[in-house]
Structures are given as structure tokens and as C-alpha cells.
Amino acid sequence: MSAESTAFPLADYPRTASGSAFDRIAEDYDQIFTDSLIGRAQRDSVWKVLTKTFREHDHVLELNCGTGEDAIFLAGKGISVFACDASRQMIARAEQRLRHISSQLPAVFCELPIERLRELQPKTQFDGAFSNFSGLNCVADLSEVASSLSHLVKRDGRLVLCFSTRFCLIEILHYLVLGQWRKAFRRCKGHTRVTLDDVQFTVYYPTIRQIRRSFAPYFSLYSYTGVGVAVPPSYLERWARRHPDVFRFLRRLEGLVARLPILRSTGDHVLLCFERVSG
Ligand SMILES: C[S@@+](CC[C@H](N)C(=O)[O-])C[C@H]1O[C@@H](n2cnc3c(N)ncnc32)[C@H](O)[C@@H]1O
């Protein structure tokens, strides 16, 4: 796939606060998250679903692609990925990694915030789209995202969307044990201000019902699973490294609990699969 196959805005536009914030951590992101034990374990759960959903020769749109880990993985399986992110530095890292691995892989990276998806004008509609690890939690209006995606994804196409949850049981227990009440319940009011290296932006924690409703006019939810239900959030990486046997056990447990009703909504993330319907 070439960049020419998809028109995208070349004009300058105001940066989103979240894009600027992630610029600051792009250089360290792979070390902090992608290559961490916890990041790897949580990503494996997402990859299982992505590889079941998309096939060789599919043409897929990725939102908030970060440093390109998922795009490069899928491109290695013969899936064409057009991957976007609001962070210029994340995109630079992704392009650098792609060049390092193989510029023959069918992946293209593009600086584009989710809020401006509507400006994408692909020559053909995508077979599906996905968003991994909470980029959509940085967006205030999910209905607008759903509407934009309805133009970009073909009928019967699939969406695989990974959000941070409203209610993360391990996080609540962890911070309660430390006596940090405010942090324990920081997600529960539905939004919070986050500071990344001095840049502030809002993170939203929609419930599954709210997400479903936002996408309902165009996309129907057909399954969802927890990600990081038994495996803890990534800020517990040091603990995971100190307790390799416990962590191995939690990884195995994850496979058992991630699909269980109620429990599947209480992890660090939730992965929702939608199908494009009429509308
Ligand atoms: C936690 S990282 C996940 C990155 C990548 N998907 C992964 O799996 O490693 C969140 C990403 O969302 C991006 N992001 C935040 N707000 C965004 C927005 N409004 N539009 C597009 N991308 C955004 C950030 O730049 C960052 O790369």
C-alpha cells in the first residue's frame, strides 16, 4: 500500500493536547510499555483478537497507532495498515522502526488526530479499523468518531477497540491498600485530568454501555473481552519483575477470567468488537 492510496490532510492544524503530551514520552514509550512484561502480556490478548478478525490482504485503518507495534505485526501477516496518531513523535518512531525492519511491509504511518478522521478520503473503504490501548479515551465525542468511521469502513467491516475501563478492580485494591483513595477511584467519575511531562489533557472513561450507544447507529457490538483482568496495570511492572512466578500464574489466569461476565468489565482495559451495520 502506498501513501498515495489514501488522501490525508497535509495542511497544518492545531495540535491536540494529548498528541503534544505523547510527543514527550514517545522516545521512552517502547521501553516503558511495549517491551514491558505487562505491556507484552496485555498486547498478546489483543493480538489474539486482531488475528482472528483481520485476514491477509485486508486493508485496515489503525487509530492512535503509537510507535507502530500493532501495525508492523499485522503488516507482517500481509494485512495492509494505514496507521494514524496525533503525536508527531510517535509517528516518527513508527516510521523509523518500519524502515529498520523492512520498508516492504504494507504499513503507512500518518500524523492525524482521531478528531480529524472525517478528512481522510481513501480511494476504497477499509475492511475494518482498530484502536489499541486507550487512544479513544483521549477523545471527548465518541459519536463523532463512530460517524466518521461509518464512512471509512465498508458494510460488514469490523472494529476492534481497546479502551481503558471505568472500573479497574486491581487498581482500586492496589491504591486502597496504599491508602490513596483519590487515585483508587480516579476513573470512576468518568474523566480525569492527566499530566504527561508538564502537558495536561483530559482522559475519559466511558462505560461499555456508553461506548455501545455511541457506535450503535452504524456499528453493532458482537463481543467484548477484558484485557488486564488478572494481569495488573503497567505501573506495576516492577512488582511483576520481582514476582515472576506469580506473574506467570496471573498470565495463565487471564485466559480464564477475561471472558467471564462481570469480571471482563473490571480489567485495566476492555476490548470491544463491532460489525458495520446499516445506518
Ligand atoms: C497508550 S498509547 C497506545 C499506542 C499504541 N496504540 C499501542 O498499542 O502501543 C495512546 C496513543 O494514543 C495517541 N493519541 C492520544 N490522543 C489522540 C488523538 N486525539 N488522536 C489520535 N491519537 C491520539 C497517543 O499519541 C498515543 O500514541
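Keep in mind the model is a prediction, meaning the values are calculated, not measured.

Cut-off values and rules
- Residues numbered from 1 in each chain as written.
- Predicted model: local features only at pLDDT ≥ 70, side-chain atom pairs only at ≥ 80, totals over all residues.
- Heavy atoms only, no water.
- pLDDT = per-residue confidence, 0-100.
- Contact = heavy atoms within 4.5 Å.
- Helix = DSSP H or I, 4+ residues; strand = E, 2+ residues; numbered from the N terminus.
- Expected span 1.5 Å × (residues − 1).
- Buried < 20%, exposed > 50% of the residue type's maximum accessible area, 1.4 Å probe, protein only.
- Arc of directions from axis to C-beta.
- UniProt positions renumbered as here; feature names shortened; annotations may be inferred.
- Disulfide = S-S within 2.5 Å.

**Topic: the confidence of the model for the protein**
In step 1: For the protein, per-residue confidence averages 94 on the pLDDT scale, and 95% of positions sit at 70 or higher.
In step 2: Note on residues 1-5: pLDDT under 50 across the span, and twelve contacts to partners over four residues away in sequence or across chains.

**Side note on helix 10 (residues 244-257)**
In step 1: The terminal C-alpha atoms of helix 10, which comprises 14 residues, lie 20 Å apart, in line with the 20 Å expected from a rise of 1.5 Å per residue.
In step 2: Buried within helix 10 we find Phe247, Leu250, Glu254 and Val257. Taken around the axis of helix 10, the buried residues stretch over an arc of 85 degrees, which confines them to a single face. Helix 10 presents Asp245, Arg252, Gly255 and Leu256 as exposed residues on the side facing more than 90 degrees away from its buried surface.
In step 3: Structurally, helix 10 contributes buried residues whose contacts are with helix 2 (37-53), strand 10 (219-227) and helix 9 (237-242).

**Notes on the UniProt feature "domain: Methyltransferase type" (unreviewed entry) in the protein**
In step 1: UniProt feature "domain: Methyltransferase type" (unreviewed entry): in the numbering of this structure it lies at residues 61-159.
In step 2: Summarising residues 61-159: 32% helix, 29% strand, and an end-to-end C-alpha distance of 9 Å.

**Details of the state of the cysteines**
In step 1: Evaluated as defined, the whole model comprises zero disulfides.
In step 2: Between Cys168, a cysteine without a disulfide, and Cys188, which holds the nearest cysteine sulfur, the sulfur-to-sulfur distance is 9.7 Å.
In step 3: Between Cys273, a free cysteine, and Cys162, which holds the nearest cysteine sulfur, the sulfur-to-sulfur gap is 10 Å.
In step 4: Judged by relative accessible area, which is 4%, Cys273 ranks as buried.

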